[in-house]
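# Structure assessment
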Amino acid sequence: MARAREAIALLAAAEAEGSGVVLDSSGRLVDEAVLRRARKTLALHERAARKGVME
């Protein structure tokens, strides 16, 4: 979850600065495919939390 949130936050910050190139804390490129996966991960987590699956 933390990595998904980090990827989304990093891209938002880069876009605010006018850049589309983002590297995560490990130096890996964060591209659109990574962001799609991060958004999906967060959505699945939220859905599970609403259903009471997550503690």
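Now for a quick tour of the structure. Counting from 1, residues in each chain are numbered in the order their sequence is written. Given that this is a predicted model, residues contribute local features only at a pLDDT of at least 70 and side-chain atom pairs are listed and counted only at 80 or more, while totals for whole chains, interfaces and linings are drawn from all residues. Excluding hydrogens and water, the side-chain figures rest on all heavy atoms present in the structure.

### Describing the overall build of the protein chain
Rules: The helix and strand labels rest on DSSP assignments: H or I over at least four residues marks a helix, E over at least two residues marks a strand, and numbering proceeds from the N terminus. C-alpha atoms define the radius of gyration in this analysis, and the globule rule sets the expected value at 2.2 Å times the number of residues to the power 0.38. Remark: exposure states derive from per-residue accessible area (1.4 Å probe, protein chains only) relative to the maximum for the residue type, with buried under 20%, exposed over 50%, and partly exposed in between. Only heavy atoms matter for contacts: two residues are in contact if any of them lie within 4.5 Å across the pair. Note that accessible areas follow from Shrake-Rupley with a 1.4 Å probe, and for residues the cover is restricted to the protein chains shown. Under the counting rule used here, the positive set is Lys and Arg, the negative set is Asp and Glu, and His together with the chain ends is not counted. Charge coordinates come from a single atom per side chain, which is NZ of Lys, CZ of Arg, CG of Asp or CD of Glu.
Helices and strands together make up the secondary structure of the protein chain, namely 2 helices and 0 strands. Compactness check: the protein chain gives a C-alpha radius of gyration of 13 Å against a globular reference of 10 Å for 55 residues, more than 25% above the reference. With respect to the three principal axes, the spread of C-alpha positions in the protein chain is 40 × 20 × 15 Å. Relative to its 55 residues, the protein chain shows a buried fraction of 20%. Contacts in the protein chain between residues at least 24 apart in sequence constitute 47% of all its contacts with a sequence separation of at least 6. Taken as a whole, the protein chain presents about 4,200 Å² of accessible surface, with 54% of it coming from carbon and sulfur. Once the 10 positive and 8 negative side-chain charges of the protein chain are each reduced to a mean point, those two points are 9 Å apart.

### Remarks on the nonpolar core
How we decide: For this analysis, a nonpolar core means a set of buried residues of the types Ala, Val, Leu, Ile, Met, Phe, Trp, Tyr and Cys, connected via side-chain atoms within 4.5 Å.
Membership of the largest hydrophobic core is limited to 9 residues, which are Ala4, Ala7, Leu11, Ala14, Val22, Val30, Leu35, Ala38 and Leu42. Looking at this core, the elements with two or more residues in it are α1 (2-16) and α2 (32-50). A total of 4 residues in this core trace back to one element, the largest contributor, which is α1. When near neighbours in sequence (up to four residues on either side) are disregarded, Leu42 contacts Met1, Ala4, Arg5 and Ile8.

### Description of α2
In plain terms, the rule: Expected helix span is taken as 1.5 Å per residue step, with the number of steps being one fewer than the number of residues. The arc in question is traced by the directions running from the helix axis to the C-beta atoms.
The terminal C-alpha atoms of α2, which comprises 19 residues, lie 27 Å apart, in line with the 27 Å expected from a rise of 1.5 Å per residue. Buried residues of α2: Leu35, Ala38, Leu42 and Ala48, and no others. Each buried residue of α2 lies within a common arc of 160 degrees when the element is viewed along its axis, so the set occupies one face. Facing away from the buried side of α2 by over 90 degrees, the exposed positions are Arg37, Lys40 and Arg50.

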